[in-house]
Amino acid sequence: MIRHYLRVTARGIASHKLYSLINIAGLAIGLTCVVFVVLFVHDQLSYDKWIPGTRNLYRLELTISIPGRAPLSMAVIPNPMPVAMRDQIPGVTAMTRLSTWTKTLSNGDRQFSQNINVVDANFFTTIRLPLLQGNPATVFRQPESVVLSQSAARKYFGTADPIGRFLTTEGYCGRHATTCPQVSLRVTGVMRDLPHNTQLKGDVFIPTTSLANPFPKRWRRNWFSENGFGYVRLAPGVSPTQVAAETATLFDQDVTPELSKLAGIHVLGSKVYKAHLTPFRNVHLESSRWEDNMKPPGSWSTLYGVVAIGILTLLVACFNFMNLATARATLRTREIALRKLLGARRRQLIAQFLVEAILVSLLSLVFALALAEMLLPLFTAFLRTPVSLDDLFDWHLLLVLIGVTVLTGLISGSYPALVLSGLRPAAGLRSRATGTENSGRLRNAMVVLQFAVSVGIGIAAIAVFAQVNYGLQMKMGFHRNHIVIIGGNNHLTGKKEEAFAQALRANPGIISVGLSSLVPFGHGRMTSQVQVPGQADMLALDTTVIDPDYPKVYGIPVIAGRPLAATRGPDRMHSFGVLSASDPLNEGRNVLINAAAARRLGFSPQQAVGRTILFNHNQVRIVGVLADAKLHGTRRPAPAMIYLYVPGYPMNVSVRLRPGQIPQTLHFIDRTWRAFLPTVVPQRWFLEGSFKHLYRAEQREGATLGVFVIVALLIGCLGLYGLAVFTAEQRTKEIGIRKVSGARTLDIVRLMLWRISVPVLISNLIAWPLAYTYLRQWLDGFAYRIALNPLYFIVAGATGLLIAWATVYANTLRLARTNPIRALRYE
Amino acid sequence: MLSMKQLTKVYRTTEVETTALRSVNLDVAAGEFLAIMGPSGCGKSTLLNIVGMLDSPSGGEYWFVDRNIAGWSESQLSELRKNSIGFIFQSFNLVDDLSVFENVELALLYHKDVAARERKLRVHEALENMKIAHRAKHRPQQLSGGQQQRVAIARATVARPKLLLADEPTGNLDSAMGEEVMQLLTELNQQGTTIVMVTHSPSHADYAHRVVHLLDGSIVTDRVRQAV
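Everything numeric here is computed off the predicted structure, so don't read it as measured data.

Some thoughts on the overall build of chain A
Here is step 1 of the chain: Per the secondary structure count, chain A includes 23 helices and 23 strands.
Here is step 2 of the chain: Overall size of chain A, expressed as C-alpha extent along the three principal axes, is 105 × 65 × 55 Å.
Here is step 3 of the chain: Within chain A, the fraction of its 827 residues that count as buried is 43%.
Here is step 4 of the chain: A sequence separation of at least 24 residues applies to 81% of the contacts in chain A between residues at least 6 apart.

Printed below as a string of structure tokens:
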């Protein structure tokens, strides 16, 4: 019997070519989406699963809720925390830490700026990344050791065996040292390059014990700076929630005194700090709530979203199939009636239709795989992950894919199977019976659903791009063109920084040079405690250390009071500690704030000027108010900022270039840097470059939606076209009668287009509220956002309608021009 | 073999009630060749559909070989029908996508007790009997009308039904082919198959032993012909 079904299916495909083409093409496009969704999901779920022995391994996170400031949730933790947990919480059997620093690493005169992971000596035995050379247990036995990835080894040593060779880097030196000693690191291991599917990144690992560890010693025992990642291993059966709860005791004991001493906050440590443990293997998908992850995390909601879009697309393709199958059924009623007459049971007919649908689906899967193979380069470029179709030939993925395909067949075939198998044979055999009124209504319903999906996603795509565009056009309150930033933190120390800036100012290609601890679109954040005398509330304000020229470089205007000046003694602060430590030498100095900070303090800009406030418990005076700068783009509001001038504080150098001679000027900057720091590679980037990356996530989201709109529309139109061709045959007579009664071609075309328009218009009724709800929520994630313009909805709906018209127009016109005699002769 | 008592059939739509058959009494003996005649709309087809168990009567009794099947379920009827009745139509009703052989085979496909091997043999035999075996691999559309109707008769008889129902079997054929089909039906009847045929053609009705005339849903004449 199955062979009979196979044969009937094959013949059906061969003898109804247009119908089969539309069906198979629709399903193949839908299944191609499924292939990509499966690849994407598989890739996302594969993160870190390949690292052995991670079952009881957890990454630590920390939420800090300082009174008066929004809680901060971070994937980075204070350096002493993992050690304290291992030593004081039973059940924690091991810990290891990792922090990343940028240093200059050289082999002879081959010199590179390099991200270096400083790790505990047990790192490779706790997180068992595969070493190709070297013993994980002993690679860091000596402090001056380094483990390189394969590609780093190639970069520094070419094809030579790197083991036992040396790399040099600058050693740690205090803030006021003039020269730093060079440290030689011996290569003790080679690690296989980290694949993309891990939360970790890095090519060079050195132990914390090395002299090259740039982590300032005075911060290493400190609970107030979160600089690195911590991982703990728990004994089997120990609950991570329990361990997290037990950290409260540690925080009470160690954090409480520091809070009180440094921040003047007199509460228990456990009220401010809350620890969290994420299973190592889940970090990739469960980290979006934490800031400062090592790599941008994925998320379950993205995963579900992608799966949902995949299912929607596939459903659109299924509707196509159902629609066309029921339309074609009108041509098959005779066969069905005959089979019934010859004794076919209803369930046998149902089986036949389902087998047919499943076979067509499986055939479509073959085409889908071919299509996926062709589109794969686009897909991997889009996701920036080297996913390969070979991954599919993993048997359980293949099984999933075939399962989905069979299910698609079942869903697609179910409606035709149920409806057609219920036909009464007597009717089917006599006349050229047409489909029942019911199936026509159902076909319209499916067109409605198909277009609802397309229009809905279309609205979302338009709005996402509008928001991105808004971000790109938004006035940010500062210049960003022709600004180059030289990352100087930790390298240019003390007076050298100012001297370097001075040397740059001498060049005619440079308009202005400013120093600042933070730069726009950058990571990192410093806050300080600010209080208006007489008020009880302590406020946490974002803090940037600058030099007096910084506002000039970025063109941030002074809206009240005056700017800081290098020549005025009281404009200089003595120090600024990230620990919010007070410093008696800061008493009576001057600071700037911005308009947002003035508002937070309860003043207008004019009122703020001349006020004395408590800054980290020292009295300082506000001498000027700068306009707000939207440093983080549209996502976050312009921060309420306090600006300090602290000479000698490690800062980045921002240089505004004169257009027209930029290459020479850049060359000059590099030369000048080398004169100051011959052993350190300059790190510089254009601000415009960081700006371009600012909305990358949104741009990709928009592009993803765009792709799915096109796919959904394509499938929907295929179906609409097929339907138009099929129903045309039924309508021939009706049109003939209308024409005989005096209708012109135009009237007929108008009538037919109206009939197509009704379901498309109804689809808008479904799509609009859904898109509106989704977009409202999406836009809530932005501090600066577009209003939902009704035009987006109208444009998406109208485009859907126009495309629907275009799809059926040619066919409609041909039909409308038919000589009525020919149409009526069929009777 | 067949016995209909006070058989009525009423079609109802929301607005109109149409009586297609009024108290029809009809007995058909095994081995008989019965022709039903009458103008369009007189109820011929309705009667044939009820005889063929494609439709159920609104009232009265329908005895098929000693069983009153009025009120049987669809699946019971389907089972009985597939084993006892063969159908021939004016428009042949062959499936375009299947070959001649497969069209005939269709009639045995739903008989679980017929094994594949026997099925092939019987299909072949039926095609031989209808002198159409040489076209077994062709598609219906490649055949002439007469040939198509022979395929249809092969299909109707391959399951060896006791009763053959023919709904204007010659309506779409020219007179020569019509004669040929009538000859075939006569042969089948002589071999013992009971035949009930609806026809418009008096000359073709002459092949039957007995002719029933219907008018407005009632039998107006029931005439047994003398053997020629």
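And the narrative resumes.
As for the overall build of chain B
Here is step 1 of the chain: Per the secondary structure count, chain B includes seven helices and ten strands.
Here is step 2 of the chain: For 228 residues, the compact-globule formula gives about 17 Å, and the C-alpha radius of gyration of chain B, at 18 Å, lands near that figure.
Here is step 3 of the chain: Each principal axis of the C-alpha distribution contributes one length, and for chain B these read about 45 × 40 × 35 Å.
Here is step 4 of the chain: Taking all 228 residues of chain B together, 46% fall into the buried category.
Here is step 5 of the chain: Contacts in chain B between residues at least 24 apart in sequence constitute 68% of all its contacts with a sequence separation of at least 6.

Things to note about unusual backbone geometry
A negative phi angle characterises most non-glycine residues, just as the trans form characterises most peptide bonds.
Residues and elements named next belong to chain B.
Here is step 1 of the chain: Even without a glycine there, the phi angle at Val65 is positive, about 45 degrees.
Here is step 2 of the chain: For Val65, the position within the fold is in the loop between β4 (59-64) and β5 (67-68).
Here is step 3 of the chain: Not every positive phi belongs to a glycine, and Glu168 is a case in point at roughly 45 degrees.
Here is step 4 of the chain: Within the element layout of this structure, Glu168 appears in the loop between β7 (163-167) and α6 (175-190).

Here we look at the nonpolar core
Here is step 1 of the chain: Within the largest apolar cluster, 161 residues are counted, with the highest numbers of intra-cluster contacts made by Ile459 of chain A together with Ile36 and Val104 of chain B.
Here is step 2 of the chain: Of all the elements, helix α9 (residues 300-341) of chain A adds the most residues to this core, at 18 residues.
Here is step 3 of the chain: Ignoring anything within four residues of it in the chain, the contact list for Ile36 of chain B reads Lys44, Leu47, Leu48, Val196, Val198, Val212 and Leu214 of chain B.
Here is step 4 of the chain: Core analysis: the next-biggest nonpolar cluster, separate from the first, contains 64 residues, Ala560, Ile593, Ala638 and Tyr643 of chain A among them.

Looking at the packing of helix α2 (residues 17-45) of chain A against helix α10 (residues 346-383) of chain A
Residues and elements named next belong to chain A.
Here is step 1 of the chain: The interhelical angle for the contact between α2 and α10, taken along N-to-C directions, is 50 degrees, at an axis separation of 7 Å. Considering their axes alone, α2 and α10 lie oblique with respect to each other. For the crossing formed where α2 meets α10, the hand is right-handed.
Here is step 2 of the chain: The class makeup of the residues in the contact of α2 with α10 is 18 nonpolar, four polar and no charged.

Considering the environment of Val181 of chain B
Residue and element names in this part refer to chain B.
Here is step 1 of the chain: By the element assignment, Val181 lies in helix α6.
Here is step 2 of the chain: Along the chain, Val181 and Arg160 lie 21 residues apart, while their C-alpha atoms are 18 Å from each other.
Here is step 3 of the chain: Setting aside anything within four residues of it in sequence, one finds Val181 in contact with Gly146, Gln149, Pro169, Thr170 and Leu173.

Some thoughts on the sheet that holds strand β3 (residues 33-37) of chain B
Within a sheet, neighbouring strands are paired by backbone hydrogen bonds and run either parallel or antiparallel to one another.
All names here are of chain B.
Here is step 1 of the chain: Read across the sheet, six strands follow the order β6-β7-β8-β3-β9-β10 without closing on themselves; strand pairing throughout is mixed. Strands at the two margins of the open sheet, each flanked by one partner only, are β6 (85-89) and β10 (218-224). Strand-to-strand twist in this sheet, taken as the mean axis angle between neighbours without regard to direction, amounts to 15 degrees.
Here is step 2 of the chain: In the sheet, β3 pairs with strand β9 (residues 210-215) via four bridges, with the strands oriented parallel. Paired with Ala35 across the bridge in β9 is Val211.
Here is step 3 of the chain: Strands in contact with helix α1 (residues 44-51) are β3, β7, β8 (194-198) and β9; relative to β8, the strand with the most contacts, it is inclined by about 150 degrees.

With respect to the pairing of strand β9 (residues 182-191) of chain A
Residues and elements named next belong to chain A.
Here is step 1 of the chain: The element β9 is extensively covered by neighbouring structure, given that seven of its ten residues are classed as buried.
Here is step 2 of the chain: Judged from the two bridges that link them, strand β6 (residues 131-133) and β9 form a sheet pairing that is antiparallel. Each bridged residue has a counterpart across the sheet, and for Leu131 the counterpart in β9 is Met191.
Here is step 3 of the chain: With five bridges connecting them, strand β7 (residues 145-149) and β9 associate as parallel partners.

Thoughts on the interface of chain B and chain A
Here is step 1 of the chain: Facing the 17 residues of chain B at the interface are 18 residues of chain A.
Here is step 2 of the chain: Its residues assigned to classes, the side of chain B that touches chain A shows eight nonpolar, five polar and four charged.

Some thoughts on helix α5 (residues 145-157) of chain B
Residues and elements named next belong to chain B.
Here is step 1 of the chain: Here α5 spans 18 Å end to end across 13 residues, near enough to the 18 Å set by a 1.5 Å rise per residue.
Here is step 2 of the chain: Counting buried residues in α5 gives twelve out of 13 residues, a clear majority hidden from the surface.
Here is step 3 of the chain: Among the residues of α5, Gly146, Gln147, Gln148, Gln149, Arg150, Val151, Ala152, Ile153, Ala154, Arg155, Ala156 and Thr157 are the ones counted as buried.
Here is step 4 of the chain: In this fold, the buried residues of α5 make contact with β6, α3 (100-109), α4 (116-129), β7 and α6.

Details of the pairing of strand β1 (residues 57-64) of chain A
Residues and elements named next belong to chain A.
Here is step 1 of the chain: Counting buried positions over the eight residues of β1 gives six, a clear majority of the element.
Here is step 2 of the chain: Relative to strand β11 (residues 226-234), β1 is paired through three bridges, and the arrangement is antiparallel. Opposite Tyr58, over in β11, you have Val232 as the bridge partner.
Here is step 3 of the chain: Where β1 lies against strand β2 (residues 72-74), three bridges are found, and the strand directions are antiparallel. Looking at the pairing, Thr63 lines up with Ser73 of β2.

Brief notes about the sheet that holds β4 of chain B
Residue and element names in this part refer to chain B.
Here is step 1 of the chain: Sheet architecture is open: four strands sit in the order β2-β1-β4-β5, paired in antiparallel fashion. At either end of the open sheet lies a strand with only one pairing partner, and these are β2 (17-28) and β5.
Here is step 2 of the chain: One ladder, built from eight bridges, connects strand β1 (residues 2-12) with β2; its direction is antiparallel. The partner of Arg12 across the bridge, within β2, is Glu17.

Focus: the packing of helix α21 (residues 745-779) of chain A against helix α22 (residues 790-817) of chain A
All names here are of chain A.
Here is step 1 of the chain: Here α21 crosses α22 at 150 degrees, and the two axes come no closer than 8 Å. Of the possible angle classes, the one that applies to α21 and α22 is roughly antiparallel. Note that α21 runs across α22; the crossing there is right-handed. Contacts between α21 and α22 involve Thr745, Ile748, Val749, Met752, Leu753, Ile756, Ser757, Val760, Asn764 and Trp768 from the former and Phe793, Gly797, Gly800, Leu801, Ala804, Trp805, Val808, Thr812, Leu813, Ala816 and Arg817 from the latter.
Here is step 2 of the chain: Its residues assigned to classes, the contact of α21 with α22 comprises 14 nonpolar, six polar and one charged.

Topic: the environment of Asp391 of chain A
Here is step 1 of the chain: Note on placement: Asp391 of chain A falls in the loop between α10 and α11 (395-421).
Here is step 2 of the chain: Once the C-alpha coordinates of Asp391 of chain A and Val355 of chain A are considered, the two residues, 36 residues apart in sequence, prove to be 29 Å apart.

Focus: the environment of Ser23 of chain B
All names here are of chain B.
Here is step 1 of the chain: Relative to the elements of secondary structure, Ser23 occurs in strand β2.
Here is step 2 of the chain: For the pair Ser23 and Lys5, spaced 18 residues apart in sequence, the C-alpha to C-alpha distance is 7.3 Å.
Here is step 3 of the chain: The residues contacting Ser23, other than those within four sequence positions of it, are Gln6 and Thr8.

Rules used in this analysis
Residues numbered from 1 in each chain as written. Chains lettered and ligands numbered in written order. Predicted model: local features only at pLDDT ≥ 70, side-chain atom pairs only at ≥ 80, totals over all residues. Helix = DSSP H or I, 4+ residues; strand = E, 2+ residues; numbered from the N terminus. Buried ≥ 20, exposed ≤ 12 C-beta atoms within 10 Å, placed from the backbone. Contact = placed C-beta atoms within 7 Å. Rg over C-alpha atoms; globule rule 2.2 N^0.38 Å. Core = buried A, V, L, I, M, F, W, Y, C linked by C-beta atoms within 7 Å. Axes fitted to C-alpha atoms, helices over the stretch in contact; angles between N-to-C directions. Parallel < 35°, antiparallel > 145°, perpendicular 65-115°, else oblique. Left-handed = near helix turned anticlockwise from the far one by under 90°. Nonpolar A, V, L, I, M, F, W, Y, C, P; charged D, E, K, R; others polar. Pairing = 2+ DSSP bridges. Expected span 1.5 Å × (residues − 1).

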